[in-house]
Amino acid sequence: MMQLNEKAVVFIPDGVSEKEGIARTTHLAISAHQDDIEFMAYAPISECFGKADKWFGGVVVTDGAGSPRSGLYADFTDEDMKAIRITEQKKAAFVGEYSFQILLAHPSKEVKDGKNTAIVKELADIIRAAKPKYLYTHNLADKHDTHIATALKVIAALRSLKAEERPEKVFGCEVWRDLDWMCDEEKIFMDCGAHPNIAKCLSGVFDSQIEGGKRYELAAEGRRLANATFSASHACDTYTGLNYAMDLTPLMDEKTDIAAYVTGYIDRFKRAVSDKLAEFSK
């Protein structure tokens, strides 16, 4: 049984029971902020869209306060922004036909507190109840502090679970740093080409952020298009939209050092660049 904090919101777009909506989940994304899910995990959203045997669920950890605001939202208080961002995330969940959407409503400072184990327990309860086959969160080379903190809490939650309660695969996705720099053979390719109309709706529904001065919907589409074209230099385009992900599956094992694992990707990229320069300098 899930034990969530008193501010948490659970939304089931198609109106089935909370238990059923969570239990049928096959693909689960856990993000720091409202709109992160739609930018980083559109591939699994589209894979599940309209399917009877695949269901996408979303969890947002923070409350959405403190975001930049202008225009229509210029005079909104933090409390106003929390409310509007819940509404926007519910709209996205409805449009994307999510199995469920949970908003945990924690302040960012609590998420960034490494000693806060209450959030880890909440996430563990959700994962245990949903029991997804695939889990998506932020990549651990992201440059946003709250994204990194969220991903670390996801890993801590996974490590607290029994082996049979864990997903088969865990992926770290692109938001505040893309993963184009990774060695090609280590990139997880996430096809974002299906239902482009739905992709635009999901990115565009977060009006408070776009009106606040950040054209996230254009940037998300631009990254997918660029990845699709630049993913291969000597072949015609295979994808019309592409996101990259980092395989975080080995980090469910508590014996795996997190920093060493992530910097290993950087070390191998450095070595690949060095080897290529040496090859054509002979």
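Refer to the structure presented above.
Residues numbered from 1 in each chain as written. Predicted model: local features only at pLDDT ≥ 70, side-chain atom pairs only at ≥ 80, totals over all residues. Heavy atoms only, no water.

1. A word on the packing of aromatic side chains
Here comes step 1: Applying the stated criterion to the full structure yields 9 aromatic pairs.
Here comes step 2: Arranged with centres 6.2 Å apart and planes meeting at 70°, the rings of Trp181 and Phe269 form a pair that is edge-to-face. Of this pair, Trp181 sits in the loop between strand S6 (169–173) and strand S7 (188–191) while Phe269 sits in helix H11 (residues 258–279), and the two are 88 residues apart along the sequence.
Here comes step 3: Classification of Phe269 as partly exposed rests on a relative accessible area of 32%.
Here comes step 4: Grouping aromatic residues by their ring pairs yields a cluster made of Phe39, Trp176 and Tyr216.
Here comes step 5: Seen from the ring of Tyr244, Lys187 lies directly overhead, with NZ or CZ sitting 4.6 Å from the centre. (Phe/Tyr/Trp six-rings, centres within 6.5 Å; stacked < 30°, edge-to-face > 60°. Helix = DSSP H or I, 4+ residues; strand = E, 2+ residues; numbered from the N terminus. Buried < 20%, exposed > 50% of the residue type's maximum accessible area, 1.4 Å probe, protein only. Lys NZ or Arg CZ within 6 Å of the ring centre and 35° of its normal.)

2. Notes on the pairing of strand S4 (residues 100–106)
It is a general feature of regular strands that their side chains alternate between the two faces of the sheet.
Here comes step 1: Most of S4 sits inside the fold, with 7 of its 7 residues counted as buried.
Here comes step 2: Here S4 shows two buried faces, one formed by Phe100, Ile102, Leu104 and His106 and the other by Gln101, Leu103 and Ala105.
Here comes step 3: By the bridge criterion, 3 bridges tie strand S1 (residues 9–11) to S4 in an arrangement that is antiparallel. Looking at S4, one finds that Val10 is bridged to Ile102.
Here comes step 4: Judged from the 5 bridges that link them, strand S3 (residues 56–62) and S4 form a sheet pairing that is parallel. Opposite Val60, over in S4, you have Leu103 as the bridge partner. (Pairing = 2+ DSSP bridges.)

3. A look at the sheet that holds strand S8 (residues 242–247)
Here comes step 1: Strand order in the open sheet formed by 8 strands is S1-S4-S3-S2-S5-S6-S8-S7, with mixed pairing between adjacent strands. The open sheet is flanked by S1 and S7, the only strands paired with a single partner. Here the average twist between neighbouring strands, direction ignored, is 25°.
Here comes step 2: Pairing of strand S2 (residues 27–31) with strand S5 (residues 134–138) involves 3 bridges; the strand directions are parallel. Within S5, the residue paired with Ala29 across the bridge is Tyr136.
Here comes step 3: Its contacts with the sheet place helix H4 (residues 78–95) against S1, S3 and S4, and it is angled at close to 25° to S1. (Axes fitted to C-alpha atoms, helices over the stretch in contact; angles between N-to-C directions. Contact = heavy atoms within 4.5 Å.)

4. Some remarks on the environment of Glu97
Here comes step 1: With respect to the helices, strands and loops of the structure, Glu97 is situated in the loop between H4 and S4.
Here comes step 2: Since its relative accessible area comes to 41%, Glu97 is described here as partly exposed.
Here comes step 3: Taking the C-alpha atoms as reference points, Glu97 and Ile12, 85 residues apart in sequence, are found 9.4 Å from one another.
Here comes step 4: In this view, Glu97 contacts Phe49, Gly50 and Trp55; residues no more than four positions away in its chain are not counted.

5. Let's talk about the layout of surface pockets
Here comes step 1: A volume near 550 Å³ is recorded for the largest pocket.
Here comes step 2: Around the largest pocket, the lining is made up of 27 residues, and of these Asp35, Asp36, Val175, Trp176 and Tyr216 lie nearest the centre.
Here comes step 3: Secondary-structure elements contributing two or more residues to the lining of the largest pocket are helix H2 (36–40) and helix H10 (216–230).
Here comes step 4: In terms of residues, the lining of the largest pocket owes the most to one element, H10, which gives 5 residues.
Here comes step 5: Its residues assigned to classes, the lining of the largest pocket shows 8 nonpolar, 10 polar and 9 charged.
Here comes step 6: Roughly 280 Å³ of volume is contained in the second largest pocket.
Here comes step 7: In terms of lining, the second largest pocket is formed by 14 residues, of which the most central are Trp181, Met182, Cys183, Asp184 and Phe269.
Here comes step 8: Looking at the lining of the second largest pocket element by element, the count peaks at 4 residues for H11. (1 Å grid on protein atoms, 1.4 Å probe; cavity = no way out; pocket = protein on both sides within 12 Å on 5 of 7 lines; lining within 4 Å. Points joined across faces, edges and corners; volume = space filled by probe spheres on them. Nonpolar A, V, L, I, M, F, W, Y, C, P; charged D, E, K, R; others polar.)

In short, shape yes, function no, at least from these values alone.
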